[in-house]
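Listed below, chain by chain, are the residues.
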Amino acid sequence: SCSVAVGRAAESFSGTEQYAVRAFADALDDVPMALAENSGLSPITTLSEVKATQIKEDNPFIGVDCMMAGTADMRTQNVFETLIGKQQQLMLATQLVKMILKIDDVIAPHDYF
């Protein structure tokens, strides 16, 4: 999954950059957790199982079995998401974070006191 790959990539960074990359990897886990929760599954247990299976089988196509089809392999369930869709989502999320960080720079905490 993306969070597993980004988490591994975090090892190549040091200092605050590593912290930021790890936080990004954690944020990517929110999508499968929301899917699990909205499907009536335990989000933490489901996410743990999905990530463990992805790592064990080296299969990035393992996901949350929301439809209770009996398989977590999204290729088998014919669940696909276009690359352009993922790219747009990540670009939008990244732009949003940049905007928030810029606002933090403009409004310094000492301005409130």
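The structure we're discussing is the one just above.
Q: Could you give me a rundown of the overall build of the protein, with the residues and numbers involved?
A: In terms of regular secondary structure, the protein is built from 5 helices and 0 strands. Secondary structure elements in the protein, listed N-terminal to C-terminal, are α-α-α-α-α. Its C-alpha atoms give the protein a radius of gyration of 17 Å, more than 25% over the compact-globule value 13 Å for 113 residues. With respect to the principal axes defined by its C-alpha atoms, the protein has extents near 55 × 30 × 30 Å. Going through the 113 residues of the protein one by one, you find that 20% of them count as buried. Across the protein, contacts joining residues at least 24 apart in sequence account for 29% of those joining residues at least 6 apart. Here the protein has roughly 8,500 Å² of accessible surface; of this, 64% comes from carbon and sulfur atoms. Taken together, the 8 basic and 15 acidic charged side chains of the protein have centroids lying 6 Å from each other.

Q: Account for unusual backbone geometry, with residues named and values stated.
A: Phi is positive for Asp-58, which is not a glycine, with a value near 50 degrees. Here Asp-58 falls in the exposed class, since its relative accessible area comes to 66%. Phi is positive for Asn-78, close to 60 degrees, though the residue is something other than glycine. Tracing the sequence through the fold places Asn-78 in the loop between α4 (43-57) and α5 (83-106).

Q: Please give an account of the side chain of Asp-73 that cites residues and values.
A: Along the chain, Asp-73 falls in the loop between α4 and α5. Using a relative accessible area of 13% as the deciding quantity, one classes Asp-73 as buried. Not counting the four nearest positions on each side in its chain, Asp-73 is found in contact with Asn-59, Phe-61 and Ile-62.

Q: Please provide a residue-by-residue account of the packing of helix α2 (residues 16-28) against helix α3 (residues 30-38), values included.
A: Between α2 and α3, the least distance of the axes is 4 Å, while the angle of their chain directions is 20 degrees. Here α2 is positioned roughly parallel relative to α3, judged by the angle of their axes. For the pair α2 and α3, contact is made by Asp-26, Ala-27 and Leu-28 and by Asp-30, Val-31 and Pro-32, respectively. Tallied by class, the residues present in the contact of α2 with α3 amount to 4 nonpolar, no polar and 2 charged.

Thresholds applied
- Residues numbered from 1 in each chain as written.
- Predicted model: local features only at pLDDT ≥ 70, side-chain atom pairs only at ≥ 80, totals over all residues.
- Heavy atoms only, no water.
- Helix = DSSP H or I, 4+ residues; strand = E, 2+ residues; numbered from the N terminus.
- Rg over C-alpha atoms; globule rule 2.2 N^0.38 Å.
- Buried < 20%, exposed > 50% of the residue type's maximum accessible area, 1.4 Å probe, protein only.
- Contact = heavy atoms within 4.5 Å.
- Areas by Shrake-Rupley, 256 points an atom, 1.4 Å probe, with all protein chains shown as cover.
- Lys, Arg positive; Asp, Glu negative; His and termini not counted.
- Charge placed at Lys NZ, Arg CZ, Asp CG, Glu CD.
- Axes fitted to C-alpha atoms, helices over the stretch in contact; angles between N-to-C directions.
- Parallel < 35°, antiparallel > 145°, perpendicular 65-115°, else oblique.
- Nonpolar A, V, L, I, M, F, W, Y, C, P; charged D, E, K, R; others polar.

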